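# Examination of the molecular architecture
Each chain, letter by letter, is given below.
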Amino acid sequence: MDTTESLTIRPFEADDRTAVIALWRACGLVVPHNDPDADLDRAAGRPNSDVLVGVTPGGRVAASVMVGYDGHRGWLYYVAAEARGRGHGRAMVAAGEEWLRVRKIPKAQLMIRESNVGVRDFYAGLGWNAVPRIVMERWL
């Protein structure tokens, strides 16, 4: 495949569901306690969130980002690209950041599992900084 293949980035559409979930699974972003169908239902096309997809000229979903804000800060989730080295991950991060900028959200955050050094290095290369925080959770 051509390494300069361009993407059209657009909001998620219902017909993208199977391809997006397959992409997330292929990229290792789905874990047993995350239901990708439910995540799509909660985020896609909402006032405070959306799922953006990167589509190849042939119409294949090749990348994604889930983006949203909680009233204080923006968040990126499910940043996925079917192949490395094509700039698709970078393009999706930029699209998520722009989605937040348009809504005047001044700060974006994301979470990376501590063991995922390659992804941490990817974001560092894009100018993201690790911050000393503790993330706490409670299952409801």
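Reading the values: rules and limits
Residues numbered from 1 in each chain as written. Predicted model: local features only at pLDDT ≥ 70, side-chain atom pairs only at ≥ 80, totals over all residues. Heavy atoms only, no water. Core = buried A, V, L, I, M, F, W, Y, C linked by side-chain atoms within 4.5 Å. Buried < 20%, exposed > 50% of the residue type's maximum accessible area, 1.4 Å probe, protein only. Helix = DSSP H or I, 4+ residues; strand = E, 2+ residues; numbered from the N terminus. Contact = heavy atoms within 4.5 Å. Salt bridge = Lys/Arg side-chain N within 4 Å of Asp/Glu carboxyl O. Pairing = 2+ DSSP bridges. Axes fitted to C-alpha atoms, helices over the stretch in contact; angles between N-to-C directions.

### Structural notes on the nonpolar core
Considering soluble globular proteins, one finds that nonpolar side chains tend to be buried as a cluster. Counting residues in hydrophobic clusters, the biggest one holds 17 residues, and the most contacted among them are L52 and L76. Elements represented by at least two residues in this core include exactly β3 (61–69), β4 (74–81) and α3 (88–102). Counting residues per element, this core draws most heavily on α3, at five residues. Those residues in contact with L76, other than ones at most four positions away along the chain, are V65, M66, V67, V93, G96, L100, Q109, L110 and W128. By size, the runner-up hydrophobic cluster in this structure holds 14 residues, among which are F12, I21, V55 and M66.

### Some words on the pattern of salt bridges
Across all of its chains, the model carries ten salt bridges by this definition. The network of salt bridges with shared partners includes R10, E13 and D16.

### A few points about the sheet that holds β4
Ordered by their spatial adjacency, five strands build an open sheet running β1-β2-β3-β4-β5, and the pairing between neighbours is mixed. On the outer flanks of this sheet lie β1 (8–11) and β5 (108–109), each paired with one strand and no other. Bridging between β1 and strand β2 (residues 49–55) involves four bridges; their strand directions are antiparallel. Looking at β2, one finds that R10 is bridged to V53. With respect to the sheet, helix α1 (residues 17–26) is in contact with β2, β3 and β4, its orientation differing from that of β3 by roughly 90 degrees.

No statement about biological role is implied by the geometric values presented.
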